[in-house]
Amino acid sequence: MQKPETLSLVTHALDTWQAQLWRALPDMVSALIVLLIFYVLARLLRRAAVRVYARLFPHNKTGKLVGSVVYGAMCFSGVVLALEILNLASFITHMLAGAGIIGIIAGFALKDVASNAFAGFLLKSQRPFEVGQWVNISQYVGTVQEIGLVTTAVQTIEGQMAYVPNQLVYNGVFLNYSTLGKWRITLSSGVSYGDDLAHVQSVALAAVKGLDCVVDKEDIAFYFTDIGDSAYLFQIWFWIDFQQYPHYMQAKSEVIMQLKQAFAEADIDIAYNVTTLDFGVKGGVNLFDKAVQVRDVQ
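To keep things clear, this report deals only with the structure shown in the data block. In this text, all values refer to a predicted model and were calculated from it rather than measured experimentally.

1. Some thoughts on the overall build of the protein chain
1) Next: Scanning the protein chain from N- to C-terminus turns up seven helices and nine strands.
2) Next: By the burial criterion, 27% of the 298 residues in the protein chain qualify as buried.
3) Next: Here the analysis covers contacts within the protein chain between residues at least 6 apart in sequence; of these, 61% occur between residues at least 24 apart.
4) Next: Total accessible area on the protein chain is roughly 20500 Å²; 61% of this is exposed by carbon and sulfur atoms.

2. Regarding the sheet that holds strand 2 (residues 140–147)
1) Next: Strand order in this open sheet of five strands is 4-3-2-1-5, and the pairing throughout is antiparallel. With partners counted over all chains shown, the strands left at the sheet margins are strand 4 (161–165) and strand 5 (174–176), one partner each. The mean inter-strand angle of the sheet, taken between neighbouring strand axes irrespective of direction, is 40°.
2) Next: Pairing between strand 1 (residues 134–137) and strand 5: three bridges, direction antiparallel. For V135, the partnering residue across the bridge sits in strand 5 and is N176.

3. Observations regarding the nonpolar core
1) Next: The biggest cluster of nonpolar side chains holds 30 residues, and the ones touching the most others in it are W183, V208, I236, F238, L259 and F263.
2) Next: Only strand 6 (182–191), helix 6 (197–209), strand 9 (232–241) and helix 7 (245–265) provide two or more residues apiece to this core.
3) Next: It is helix 7 that provides the largest number of residues to this core, a total of seven residues.
4) Next: Each residue touching F263, except ones within four places of it in the same chain, is listed here: V191, V200, V203, A204, F234, I268 and I270.
5) Next: Grouped together as the second largest cluster of nonpolar side chains are nine residues, F129, I147, V164 and V169 included.

4. Examining the side chain of N136
1) Next: Position of N136 among the secondary structure elements: in strand 1.
2) Next: For N136, a relative accessible area of 13% puts it in the buried group.
3) Next: Side-chain polar atoms of N136 contact the backbone nitrogen of Q139, separated by 3.3 Å.
4) Next: For N136, the side chain forms a polar contact with the side chain of Y177, separated by 3.3 Å.
5) Next: With near-sequence residues (within four places) excluded, N136 lies in contact with V141, F174, L175 and Y177.

5. Looking at the side chain of S192
1) Next: If you trace the backbone, S192 turns up in the loop between strand 6 and helix 6.
2) Next: For S192, the side chain forms a polar contact with the side chain of D195, separated by 2.7 Å.

Reading the values: the criteria
- Residues numbered from 1 in each chain as written.
- Predicted model: local features only at pLDDT ≥ 70, side-chain atom pairs only at ≥ 80, totals over all residues.
- Heavy atoms only, no water.
- Helix = DSSP H or I, 4+ residues; strand = E, 2+ residues; numbered from the N terminus.
- Buried < 20%, exposed > 50% of the residue type's maximum accessible area, 1.4 Å probe, protein only.
- Contact = heavy atoms within 4.5 Å.
- Areas by Shrake-Rupley, 256 points an atom, 1.4 Å probe, with all protein chains shown as cover.
- Pairing = 2+ DSSP bridges.
- Axes fitted to C-alpha atoms, helices over the stretch in contact; angles between N-to-C directions.
- Core = buried A, V, L, I, M, F, W, Y, C linked by side-chain atoms within 4.5 Å.
- Polar contact = N/O pair within 3.5 Å; in protein donor to acceptor, adjacent residues only side chain to side chain.

Shown next as structure tokens:
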């Protein structure tokens, strides 16, 4: 007696499911079409992202990772839209709520990484320095080896590799020595109180102008800057061609040697510190006023 009733219930359920399936079939087809479109777009955008990233960061190997992120974001968007077409809003709500919690946690964990990545993109877009140029970044002097997604690599003059976070580079002050192709050197020294200052200036300018490493011969400046404890202090400014940091060091060395020789030939004394010894005599005493006597204590 129960078999016809059970069969009737099963038949009714199948008919209901069939009717609902037919009503939902257009939405299912639309959802599949959306998924297919977003899948194709995701593949195309992944290739485009990899190519653009390779042009912006030719020395970085994380282009595939960026492409995967773009691909995953597009596929996820397609799934969300397809579920919305199927009127599965409650499922989307729960899924997005869970994703929001995960996103907050990931945001705190990856905050610095995201900041460095964005700063790296700005550095690559604005191009304040290029690979191979000489820079001073966070007190690291050397050549730029790589402008990466998160860090900028600098090979220092000591032969070490310094990896500076891009956020520090972009938010801080850095020097690019290669931009102008020349460098202005400021050299400081001093001469004794007994020297004629006009003569010192003339000899120094002539010595520096005679060097091949110095360019812009008419743009050499000489200034007396202070009266020191033991000397008249001066600075001399001059330009040199700059391609490599050793050029700066070599030019500075040549100027120092040339000034030493020129001052010696002109009877100009490079000052040295003078020390006064107090022997308890009011007003002091000059040791050369009297012959120095040495007593034998034995």
